[in-house]
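Survey of secondary and tertiary structure
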Amino acid sequence: MRLFNHQSSLQNTRGVPLVYKPSSDSVFHLAKEECLYVSTIHPKMSIYRNAVWFVKGLQEYTKSGYEAAARHFTPSDLEVTLSGRSFVITGANSGIGKAAAQDIANRGGTVHLVCRSRERAEAAREEIIQQSNNQEVHVHIVDMSSPKQVWEFAVGFTQKHSINVLVNNAGCMVNQRELTDDGLEKNFATNTLGTYILTTALIPALKQSADPRVVTVSSGGMLVQKLNVDDLQFEKGSFDGTMAYAQNKRQQVTLTERWAQQHKDIHFSSMHPGWADTPAVRSSMPEFHAKMKGRLRSEAQGADTITWLCVSAAATQQPSGAFFQDRKAVNTHLPLASTRPSAAEEERLIAALDTLALKFKPSA
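Chains are numbered independently. Their residues run from 1 in the order of the written sequence. Reporting in this predicted model follows two pLDDT cut-offs: at least 70 for local features of residues, and 80 or more for side-chain atom pairs to be given and counted; totals over whole chains, interfaces and linings ignore these cut-offs and use all residues. Side-chain figures throughout are based on the complete set of non-hydrogen atoms in the structure, without hydrogens or water.

Ring geometry is summarised as follows: Phe, Tyr and Trp rings, the Trp one being its six-membered ring, pair when their centres sit within 6.5 Å, and such pairs are stacked at plane angles under 30 degrees, edge-to-face over 60 and tilted between the two. Counted under the stated rule, the structure contains nine aromatic pairs. On the basis of an interplanar angle of 75° and a centroid distance of 5.8 Å, the ring pair of Y66 and F73 is categorised as edge-to-face. For Y66, a relative accessible area of 12% gives the class buried. Ring centres of Y196 and W259 lie 6.2 Å apart, and the angle between their planes is 20°; this geometry places the pair in the stacked category. Here Y196 is found in helix α7 (residues 186–207), whereas its partner W259 is found in helix α8 (residues 241–262), with 63 residues between them in sequence. What makes Y196 buried here is its relative accessible area of 5%. Here a set of aromatic residues connected by ring pairs shows up, and it is made of W53, Y61 and W275. Only when the NZ atom of a Lys or the CZ atom of an Arg is both within 6 Å of the ring centre and within 35 degrees of the ring normal do we say a charge sits over the ring. Positioned over the ring face of F73 is R327, at 4.1 Å from the centre of the ring. Burial classes: relative accessible area under 20% of the type maximum marks a residue as buried, over 50% as exposed, and values in between as partly exposed (1.4 Å probe, protein chains only). Think of it this way: any DSSP run of H or I at least four residues long counts as a helix, any run of E at least two long counts as a strand, and we number them from the N terminus.

Take a look at the structure:
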């Protein structure tokens with residue numbers, strides 16, 4: 001099992017391409033060979049869909065893609081003081097989650113780090129405080145794959161703290177199908193159900209605060225997936241952790257769109273941070289890292305749009321429910337890719353998550 005935080009550039013669908021196989025130095029041949037290779041391994045992913053996605057990634061998700069986009073950023077968007085505002089960030093002990101937490105602490109915000117490992121969380125807290133000189137950085141230990149723990153955290157948190165912004169950043173990609181102690185498939189439990197429970201449980205508290213926002217760190221990998229509500233826990237056919245993760249990311253985008261429709265007084269957004277150079281990529285995909293390390297984004301570059309969505313006035317001028325890349329709302333579907341779900345499919349997703357969430361909700 002591999003369990004990562006999103007900020008560690010979850011291998012394949014989040015921090016790097018879905019599958020990597022070293023090929024020509026030519027970008028054209030690299031894209032062509034990668035697309036054909038991936039399609040032989042993942043027949044559910046059309047050659048066309050993968051080709052468009054991979055070329056898009058080489059152009060936009062890399063460091064050069066960020067640098068090109070950044071030329072059009074408005075620097076004053078992040079010239080803000082966040083004293084008195086409270087930010088809950090899941091998976092914030094390393095990578096882009098930690099980078100976003102540092103950005104917010106530097107601007108005076110109160111930061112709540114929600115992490116699985118106390119040791120790593122406390123180390124991250126100390127470093128963030130040292131660099132920001134901001135003592136308002138707090139640690140909460142929660143396993144996002146445990147629905148009961150997520151519920152208990154949310155209920156306990158709102159009894160003691162206020163919240164202005166929630167950042168759904170933690171997640172995992174397990175390459176072999178694995179069940180949690182609750183009998184849930186691990187990827188689904190963490191990435192989709194955990195995100196759903198935490199967000200819905202905190203919505204009442206968010207509505208009581210000024211300028212409430214929810215930012216969900218998704219993935220460009222979701223562009224190759226159509227919403228599938230017939231097999232949420234990947235019980236049918238052979239299991240593919242990469243495709244499971246990408247499907248979870250599609251589900252998160254769908255949830256963001258639905259929440260925005262239902263809760264007009266909260267600004268919801270999802271985003272893709274690009275392909276970033278993080279510890280997870282270096283350790284788990286050394287060949288990819290060796291080939292692409294000069295093209296990968298820094299953790300700070302990957303976190304930039306998270307911070308922008310959390311703190312800038314400009315972000316809330318954009319439509320709620322949109323999917324962002326480099327401070328810009330972008331399409332959630334590739335051209336002609338046939339990935340748009342029906343309204344009935346979206347309703348079925350919400351109904352299934354509601355049922356599971358209530359099953360694990362502690363009694364009052």
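There's plenty left to go through after this.
Turning our eyes to something else, we now look at the environment of F87. Within the fold, F87 resides in strand β1 (residues 86–90). Look at F87 and you get buried, because its relative accessible area is 0%. Every residue pair with non-hydrogen atoms within 4.5 Å of one another is taken to be in contact. Other than its neighbours up to four places away in sequence, F87 contacts L82, I104, G109, T110, V111, H112, V165, C310 and V311.

So, on to helix α5 (residues 118–132). Taking 1.5 Å per residue, 15 residues should reach 21 Å; α5 reaches 21 Å between its end C-alpha atoms and fits that length. For α5, the complete set of buried residues consists of A121, A124, I128, I129 and S132. Axial view of α5: buried residues confined to an arc of 130°, hence all on one face. Among the exposed residues of α5, those oriented more than 90 degrees off its buried face are E119, E126 and Q130. At the C-terminal side of α5, N133 shows a positive phi close to 55°. One fewer than the residue count of a helix, multiplied by 1.5 Å, yields its expected span. Note that the arc is defined by the directions from the helix axis to the C-beta atoms.

So, on to the environment of L202. Structurally, L202 is set in helix α7. Under the relative-accessibility criterion, L202 is labelled buried at 0%. Expressed as a C-alpha distance, the spacing of L202 and W151, which sit 51 residues apart in the sequence, is 9.6 Å. If sequence neighbours within four positions are ignored, L202 has contacts with A154, T158, I163 and L166.

Along strand β6 (residues 267–271), five of the five residues are buried, which leaves the element largely enclosed by surrounding structure. Where strand β5 (residues 213–217) and β6 come together, five bridges link them in parallel fashion. By the bridge assignment for β6, R213 is matched with H267. Following the backbone out of β5, through α8 and into the adjacent parallel β6, one traces a crossover that is right-handed. In this scheme, strands are said to pair when DSSP sees at least two bridges between them. Here three bridges tie β6 to strand β7 (residues 322–325), and the two strands are oriented parallel to one another. In the sheet register, S270 faces β7, and the bridge partner there is F323. Classification remark: right-handed applies to a crossover when, strands pointing away from the viewer, the course from the first strand over the helix to the second runs clockwise.

If you walk across this open sheet you meet the eight strands as β3-β2-β1-β4-β5-β6-β7-β8, and the pairing is mixed. Two strands close off the open sheet at either side, each with one partner strand: β3 (137–141) and β8 (328–330). Recorded for the sheet is a direction-independent mean angle of 25° between the axes of neighbouring strands. Here strand β2 (residues 110–115) runs beside β3; their pairing, made up of five bridges, is parallel. What sits directly across from H112, in β3, is H138. Each axis is a line fitted through C-alpha atoms, and for a helix only the stretch in contact is used; angles between axes span 0 to 180 degrees, taken between their N-to-C directions.

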